[in-house]
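Each chain, letter by letter, is given below.
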Amino acid sequence: MSLKSIHNILGILEIQERWQEPPLQRVLKCWHEVVGKTLAKHTKPVWIQRDVLQVATSSAAMSQNLTFERQRLLEKLNQRLAIPLTDIHFSTANWYKSSLPKENITIALPSEHPSYVGEKLKRSRSQIFVAKDINEAYDKWAEIVKARSHDLSLCPQCQCPTPPGELQRWGVCSFCAAKQMR
Ligand SMILES: [Zn+2]
């Protein structure tokens, strides 16, 4: 295995790890890096809705200044996220509230994730199969992969079967999209 392919695999694992983490959690973790320590004290990411990050700020002036900076902040932030945000909104509205109204918190369902391909995938994953030898195991694996990707369109960039949600969102598969974001 070449160094390049190892590097690619590590990249994929890193991306998968990012996906498993709820987006807001990920934002909260790297927020101080993005805005800097001082600003981090006066700002607090509160929720993400439709790819827009809502940030509470300690003052209206702070909101205004950050709004001018938001393109730069968005770029820095998206370098650290698996799924890019489209905008950041700043407001003092939630600064003093200790808990947020429940209806405003977005809980992403697996079916809302662009990589979701439906129940079919789950079922084929839970099938238990014991192979007699390595060839049979490989055949079975190839069969499952083929069955899984049967209905999927191909990524125009790497020609891999791609969930429709990913194509809709990025026009390419998630891995190609992640590469472009770097
Ligand atoms: Zn691709």
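Below: a short report on this structure. Here the structure is a predicted model, which means the values were calculated and not measured. (Residues numbered from 1 in each chain as written. Predicted model: local features only at pLDDT ≥ 70, side-chain atom pairs only at ≥ 80, totals over all residues. Heavy atoms only, no water.)

Attention now goes to the coordination of the zinc ion. Each protein donor to the zinc ion is listed here as Cys-155 (SG), Cys-158 (SG), Cys-173 (SG) and Cys-176 (SG); together their distances run 2.3 Å. Metal-centred angles of 105 to 115° between the four donor atoms at the zinc ion mark the site as tetrahedral. Cys-155 gets classed as buried once you look at its relative accessible area, which sits at 0%. (Donors = N, O, S within 2.8 Å, 3.2 Å for Na, K, Ca; no water. Tetrahedral: all angles 85-135°; square planar, octahedral: opposite > 155°, others 65-115°. Buried < 20%, exposed > 50% of the residue type's maximum accessible area, 1.4 Å probe, protein only.)

Sheet architecture is open: three strands sit in the order β1-β2-β3, paired in mixed fashion. Of all the strands in the sheet, the pair left with one neighbour each is β1 (43-49) and β3 (87-91). The average undirected angle you get between the axes of adjacent strands in this sheet is 25°. Where β1 meets strand β2 (residues 52-57), six bridges bridge the pair, whose relative direction is antiparallel. Counted as the bridge partner of Lys-44 is Ala-56 from β2. Helix α2 (residues 23-35) contacts β1, β2 and β3 of the sheet and is inclined by roughly 145° relative to β1. Seen against the sheet, helix α4 (residues 60-78) touches β1, β2 and β3 and runs at an angle of roughly 155° to β3. (Pairing = 2+ DSSP bridges. Helix = DSSP H or I, 4+ residues; strand = E, 2+ residues; numbered from the N terminus. Axes fitted to C-alpha atoms, helices over the stretch in contact; angles between N-to-C directions. Contact = heavy atoms within 4.5 Å.)

Mapping Thr-67 onto the fold places it in helix α4. For Thr-67, a relative accessible area of 32% puts it in the partly exposed group. Separated by 21 residues in the primary sequence, Thr-67 and Ile-88 place their C-alpha atoms 7.8 Å from one another.

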